[in-house]
Amino acid sequence: MKLLALIALVFGSAGAALANDPQWPDCRTCHQVQAPDGTVLARGGRAGPNLYGVAGRPLAGDAGFRLYSDGLLAAAQTGARWTEGNFNAYLAGPDQFVQNLTGNAAFESGMHVALRGDGSALYQWLQDLSK
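For every chain, the first residue of the written sequence is number 1, and numbering continues from 1 onward in sequence order. In view of the model being predicted, local features appear only for residues whose pLDDT reaches at least 70, and side-chain atom pairs are presented and counted only at 80 or more, with totals across whole chains, interfaces and linings using the full set of residues. The side-chain figures draw on all heavy atoms in the structure; neither hydrogens nor water molecules are used.

**Notes on the overall build of the protein chain**
Logical step 1: Every helix listed is a DSSP run of H or I at least four residues long, and every strand listed is a run of E at least two residues long, numbered separately from the N terminus. Helix and strand counts for the protein chain come out as six helices and two strands.
Logical step 2: Element order for the protein chain, N to C, with α for helix and β for strand: α-α-β-β-α-α-α-α.
Logical step 3: Exposure classes here rest on a 1.4 Å probe applied to the protein chains alone. A residue is buried below 20% of its type maximum, exposed above 50%, and partly exposed in between. Put simply, the protein chain has 131 residues, and 37% of those count as buried.
Logical step 4: It only takes one pair of heavy atoms within 4.5 Å for two residues to be counted as in contact. In the protein chain, 41% of the contacts between residues at least 6 apart in sequence involve partners at least 24 apart.

What follows is the structure, given as structure tokens:
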């Protein structure tokens with residue numbers, strides 16, 4: 001019983017910390033963070049890919065998500081990964097990021113929200129969560 005309470009406290013604190021991040025409300029409209037065992041660590045929508053494990057994975061790398069844009073799929077063909085730099089560049093201008101990687105000015109990312117400010121804290125939280 002004490003172990004379950006401790007687990008709830010740890011996961012509840014992590015979720016609360018992210019939920020209180022001023023950047024998360026923009027993200028949770030389309031994304032959630034769900035561990036491989038099905039535990040939802042941060043509630044959100046499902047119109048975008050699950051952000052669990054995003055740190056370091058290839059672009060368009062959530063095998064469970066089937067609605068990636070043609071632009072993001074083309075960008076993934078470059079072999080790019082979600083590094084902190086790429087994550088921040090994408091959040092600052094999703095379409096521009098995809099266009100810069102592919103060289104195709106007509107491509108769109110599929111994400112229509114740009115994050116104001118630096119996404120490094122969000123990236124670090126997602127990276128730590130995936131360890």
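**Digging into the packing of helix H4 (residues 84–92) against helix H5 (residues 94–102)**
Logical step 1: Where H4 contacts H5, the axes come no closer than 5 Å and their chain directions differ by 125°. On the basis of their axis angle, the class for H4 and H5 is oblique. For the pair H4 and H5, the contacting residues are Asn-86, Ala-89, Tyr-90, Leu-91 and Ala-92 in the first and Pro-94, Phe-97 and Val-98 in the second.
Logical step 2: Polar here means any residue outside two lists: the nonpolar Ala, Val, Leu, Ile, Met, Phe, Trp, Tyr, Cys and Pro, and the charged Asp, Glu, Lys and Arg; Gly therefore counts as polar. For the contact of H4 with H5, the residue count by class is seven nonpolar, one polar and no charged. Interaxial angle, 0 to 180 degrees, is taken between N-to-C directions of lines fitted to C-alpha atoms, where a helix line uses only the stretch in contact. Relative orientations are named as follows: roughly parallel for angles under 35 degrees, roughly antiparallel for angles over 145 degrees, roughly perpendicular for angles from 65 to 115 degrees, and oblique for any other angle.

**Thoughts on the packing of aromatic side chains**
Logical step 1: Aromatic pairs are defined between Phe, Tyr and Trp rings, using the six-membered ring for Trp, whenever the two ring centres lie within 6.5 Å; interplanar angles under 30 degrees are classed as stacked, those over 60 as edge-to-face, and all others as tilted. Considering all chains together, one arrives at five aromatic pairs under this definition.
Logical step 2: On the numbers, 4.9 Å between centres and 75° between planes, the contact of Phe-65 with Tyr-68 is edge-to-face. Exposure class is identical for Phe-65 and Tyr-68. Each is buried.
Logical step 3: Here Tyr-90 and Phe-97 contribute two aromatic rings whose centre-to-centre distance is 5.6 Å and whose plane-to-plane angle is 85°, an arrangement assigned as edge-to-face.
Logical step 4: Here Tyr-90 falls in the buried class, since its relative accessible area comes to 8%.
Logical step 5: Judged by relative accessible area, Phe-97 falls into the buried class, the value being 7%.
Logical step 6: Joined through ring pairs, the aromatic side chains of Trp-82, Tyr-90 and Phe-97 make up one cluster.

**A word on the side chain of Ser-109**
Logical step 1: Tracing the sequence through the fold places Ser-109 in the loop between H5 and helix H6 (120–129).
Logical step 2: Each residue touching Ser-109, except ones within four places of it in the same chain, is listed here: Ser-69, Leu-72, Tyr-90, Pro-94, Asp-95 and Val-98.

**Observations concerning the environment of Gly-71**
Logical step 1: One can find Gly-71 in helix H3 (residues 70–76).
Logical step 2: Judged by relative accessible area, Gly-71 falls into the buried class, the value being 2%.

**Concerning the confidence of the model for the protein chain**
Logical step 1: As a per-residue quantity, pLDDT reports the predictor's confidence and falls between 0 and 100. Summary statistics for the protein chain give a mean pLDDT of 84 and a share of 82% for residues scoring 70 or more.
Logical step 2: Here residues 1–16 is a poorly scored stretch, pLDDT under 50, and it has four contacts once near neighbours within four places are set aside; other chains count.

**Focus: the state of the cysteines**
Logical step 1: Two cysteine sulfurs form a disulfide in these notes if their separation is within 2.5 Å. If you walk through the whole model with that rule in mind, you get zero disulfides.
Logical step 2: In this structure Cys-27 is a free cysteine whose sulfur lies 9.2 Å from that of Cys-30, the closest cysteine sulfur available.
Logical step 3: A relative accessible area of 12% means that Cys-27 is categorised as buried.
Logical step 4: Taking the relative accessible area as the measure of exposure, Cys-30 reaches 31% and is therefore partly exposed.

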